[in-house]
Amino acid sequence: MVRWFREKKENIVQKLRSRRKEGASLVSVVIGTMFLLAIGLTVITVATKYVVTVIVDRNSTDNFYNAEGILAEVRVGLLEQAGTSGKSAYKDILENYTSSKKNMKDEFSKKYLAGIATYLLSTGSYTYDDKSSDTTKHFDAKLGVLQDCGSHSVDKVKNLSKKPDSVTTTSSDGDLHFVINYEPAIGYSLTLKDIKIDYHEDPNYASTVNTDIVFTVPDYKFEGDSTFDELKDYIVISDDALKIDFANSGASFSGNIYTGQTDSGIHINSQSKVDFFSPKIISRGSLDILTGATVNVSGASGAGDLYLQNLRLKQSGSGSPLSTTLNVNENAYISNDLDIQDSNSVVTLKGKYYGYSYNEQNDSSNPGANSDYSSAILINGLNTTLNAADLNKMVLAGRSFVDQKNSQNNSVNSDIMMGESMSVKSNQLAYLVPEEYITPQDSQQNPIITNEPYAVNTAGLLNDLGAYLNTSKPYIENYHPAGFTYLFLNFKDEVSANKYFKDYYSGAVTVKDETGAVVDTTEQLSEKAKTYLVSTDLTNMKFSANLYLIAGNIVYNYEATGGSNGLQTANYYDSTTQKPAAELLADGKKMALNYLGNCLTLLPSGSSGRDANIRLDASDSPLVSGVIIDYSKLTADITKDVTTSVEPNAKIWVKKGDYTVGTKASGLIIADGDVTVQADFTGLILTNGKVTVNGNYTLKADMVMLGEILEQIRTDPAFEQIAKLFRALNGTSKQNATDLEKCVYYQNWERNK
């Protein structure tokens, strides 16, 4: 019985345990199911939010891209207007520049931007009147000034887009505005202000873009194409010198001439006879004429233009009795000096003579003592005749100097300033320290023997002449290689140098010799000048003041009585400020830039961007090899027949190396080397070397023949090999315009602001 109860109990316990386990499993199942449901709900929620976000972002991005697309449409439309304005401005410049003689790049910039401005304005126009006397006045007056395009200006821009309602402006008055600015680094530019694109795909999606649009000027290098067009008027274009190197030759040149040698650009040998009938002569260097030569320079009919560093009559040998003759019937633009070094020289000036340099940049700053940038006429040769009876105008912006060597080893110091714009060598005695101030007086004069002891009574010198002199350094030692040392007065400024010479010449300055006797300065100058001037009565040198502009004095008659009656005093200076007159400096700077432009491109406008440096420097490219001809493409000699309307037997000679004109010929010579002329030649010699004429030959330009030859090279496929040599035709020249696409861009761009 007991056993039965025990077994029964165990059975009941086991059943109870089994039921407990089933209950626990059920709870676990319920909990697990609820957990899975929670995870699923979370996943579904996250997925739903992700899908919604993706859809929103996609729609927002699409909306923004559409807004950007509308802005791009506006830009393309404005780009088209810029292209139209550019074509019109370019055509106008090419058709009218030759007569206007302005800076082509600046003129193009203004016409181009004025065209865009005129399009943007809803009424009126952005006036650019190139017929007025001052073509930049109206344009430049508006630089930096915000211009209102008018009440209908936004409509113009709206019409550039397929969704015009999205185009608007952020400006408070609802109009578009623009401003034209100038910066040295980028030039002129136009900025269209406050454009807004407000695009709505539907009420739930919107995007905005705010920006300005900037128009810069395509960089057309007009001088490249125009240089190519200028070639037809030239007989010689050389990166080196033109030399007439045969004594007693009678060479003749008809046509323009260019040489790139920076020292002796045109060299006329002793006893040569040369006639230039040239509308324009340009040289980066000087025209040098040696003893016994005869040179006549004039235009084809009347006066031409002559652009040089110097006109120099140089001595060949010593003591020669031969006479050197120079006749100039030109408008001569001389960067530095007319320097008559040779004895027995006869110089005749007609037309107009401009020695335009006052200092390096032709500004009102102190020029320093640098004769390289100070235009003068120097008469250093004995028995000189200078005839200017038919000279219409003379400008001498500078003064004469004495080259200074400041020690026995000839190291160079600042030049010694004088008070004359035209100086006879003997006049240097006026600037020497008077001998009464030099001790010991029993053995010393001026000059003194180098290395011999001497002393200068500076206290006495300053007491008598201190009003003119630099008180801290009243005199300068100047060493001569022959063993002499000259003591020159050192003036405090240009005006004082002028006044001193005027007073010295008129006798207002008391000068004593080493014995204490008073020197008759006027008589002394007259007597000394007679050895340098064949006729000391240079009455023909005197002009009315409006034709005769000088920075220092000129003595035109050493025999005149009555003090300074033979003296033309300085009138280049402002009478109040004693500074060079601003308009004369500006005119001289313009001439210097014209000379620079001619040297670089054959055109006055070629000096674009060089206001801060108006002189040639070492970085400037040679004209032929740097601008006109790509010599890397000259790989073989070429000889090609050309038929023109004026010359059926013309030829083109392309020579890799030197070339000699041995028989009479007509056409175009392109040489990578020196060219020697030993026969008559009609056409153009184009070379990176020098051109030498050896004999009594005639060289002539032919504008019609050369024009036809160049046009055939430009357009005829048969001349393709030669066309590749010209940078203006082969796509590598500097005149290629900047891509217009790059000249229109966004500025101050903002999204959803």
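Relevant structure appears above.
## Brief notes about helix H8 (residues 521-529)
Then comes step 1: For H8, every residue scored as buried is listed here: Thr-521, Thr-522, Leu-525, Ser-526 and Ala-529. On an axial view of H8, the arc spanned by its buried residues comes to 135°, and they lie on one face. When the buried face of H8 is taken as reference, the exposed residues oriented beyond 90 degrees from it are Glu-523 and Glu-527.
Then comes step 2: Those residues of H8 that are buried are in contact with strand S25 (422-424) and helix H7 (494-506).

## Focus: the sheet that holds strand S20 (residues 376-379)
Then comes step 1: Judged by pairing direction, the sheet is parallel, and its 10 strands sit side by side in the order S25-S20-S18-S16-S13-S10-S7-S40-S38-S36 without closing on themselves. What marks the edges here is a single partner per strand, and that holds for S25 and strand S36 (659-661). For this sheet, the mean inter-axis angle between neighbouring strands, taken without regard to orientation, is 15°.
Then comes step 2: As paired elements, strand S10 (residues 264-268) and strand S13 (residues 286-290) share four bridges and run parallel to each other. Paired with His-267 across the strands is Asp-288, a residue of S13.

## Notes on the environment of Gln-315
Then comes step 1: Positionally, Gln-315 belongs in the loop between strand S16 (311-314) and strand S17 (324-334).
Then comes step 2: Ignoring anything within four residues of it in the chain, the contact list for Gln-315 reads Thr-291 and Asp-342.

## Some points on a nonpolar patch on the surface
Then comes step 1: There is a patch of nonpolar side chains on the surface, built from Val-646, Met-703 and Val-704 and spanning about 250 Å² of accessible area.
Then comes step 2: Here Val-646 lies in the loop between strand S34 (638-642) and strand S35 (650-655).
Then comes step 3: Val-646 sits in the partly exposed class, given a relative accessible area of 42%.

## Here we look at helix H11 (residues 703-715)
Then comes step 1: For H11, which comprises 13 residues, the first-to-last C-alpha distance of 18 Å matches the rise-based estimate of 18 Å (1.5 Å per residue) to within 8%.
Then comes step 2: All buried positions along H11 are accounted for by Met-705, Leu-706, Ile-709, Leu-710 and Ile-713. For H11, the angular spread of buried residues about the axis comes to 125°, placing them on one side.
Then comes step 3: Residue Asp-702 occupies the N-cap position of H11, its side-chain oxygen lying 3.2 Å from the main-chain nitrogen of Val-704.

## Re the packing of aromatic side chains
For any pair of aromatic rings, geometry is given as the distance between the ring centres together with the angle between the planes.
Then comes step 1: According to the stated counting rule, one finds 15 aromatic pairs in the structure shown.
Then comes step 2: Note on Tyr-431 and Tyr-500: the rings are 6.5 Å apart at their centroids and 45° apart in plane angle, and the pair reads as tilted. Of this pair, Tyr-431 sits in the loop between S25 and strand S26 (438-439) while Tyr-500 sits in helix H7; the two residues are 69 residues apart in sequence, bridging distant segments of the chain.
Then comes step 3: With a relative accessible area of 1%, Tyr-431 lands in the buried category.
Then comes step 4: With 6.4 Å between their ring centres and 80° between their planes, Tyr-505 and Tyr-558 make a pair best called edge-to-face. Taken together, the positions of Tyr-505 in helix H7 and Tyr-558 in the loop between strand S32 (554-555) and strand S33 (567-568) put the pair 53 residues apart, joining distant regions of the chain. Assigned by exposure class, Tyr-505 and Tyr-558 land together as buried.
Then comes step 5: A connected cluster of aromatic rings, assembled from ring pairs, spans Tyr-431, Tyr-468, Phe-491, Tyr-500, Phe-501 and Tyr-504.
Then comes step 6: Above the face of the Phe-719 ring, Lys-640 is positioned so that its terminal group lies 5.2 Å from the ring centre.

Rules used in this analysis
- Per chain, the residues get numbers from 1 upward, laid out in the order the sequence is written.
- Predicted model: local features are reported for residues with pLDDT of at least 70 only, side-chain atom pairs are reported and counted for 80 or more only, and whole-chain, interface and lining totals are derived from all residues.
- Only hydrogens and water are set aside when side-chain values are computed; all heavy atoms of the structure are taken into account.
- Classification of residues uses two cut-offs on accessible area relative to the type maximum, computed with a 1.4 Å probe and protein chains only: under 20% is buried, over 50% is exposed, and between them is partly exposed.
- In this text, helices come from DSSP runs of H or I with a minimum length of four residues, and strands from runs of E with a minimum of two, each type numbered from the N-terminal end.
- The arc under discussion is defined with respect to the helix axis, by the directions toward the C-beta atoms.
- Whether two residues are in contact is decided by their heavy atoms, any of which lying within 4.5 Å being enough.
- The pairing criterion is simple: DSSP has to find at least two bridges between the two strands.
- Here the axes come from fitting lines to C-alpha atoms, over the contacting stretch only for helices, and the angles between their N-to-C directions go from 0 to 180 degrees.
- Residues enter patches when their relative accessible area tops 30% and they take part in no salt bridge; the joining distance is 9 Å for like charges and 5 Å for the nonpolar side chains Val, Leu, Ile, Met, Phe, Trp and Tyr.
- Accessibility throughout is a Shrake-Rupley quantity obtained with a 1.4 Å probe, and a residue counts as covered only by protein chains that appear here.
- Salt bridges are counted wherever a side-chain nitrogen of Lys or Arg sits within 4 Å of a carboxyl oxygen of Asp or Glu.
- Expected helix span is given by 1.5 Å per residue-to-residue step, counting one fewer step than there are residues.
- In protein, a polar contact means a hydrogen-donor-capable atom and an acceptor-capable atom, both N or O and within 3.5 Å, with residues adjacent in sequence counting only if both atoms are side-chain atoms; elsewhere, any N or O pair within 3.5 Å suffices.
- Centres within 6.5 Å are what make two rings of Phe, Tyr or Trp a pair, Trp counting through its six-membered ring; a difference in plane orientation under 30 degrees is then read as stacked, over 60 as edge-to-face, and the rest as tilted.
- Geometrically, a lysine NZ or arginine CZ counts as sitting over a ring once it is within 6 Å of the ring centre and also within 35 degrees of the ring normal.

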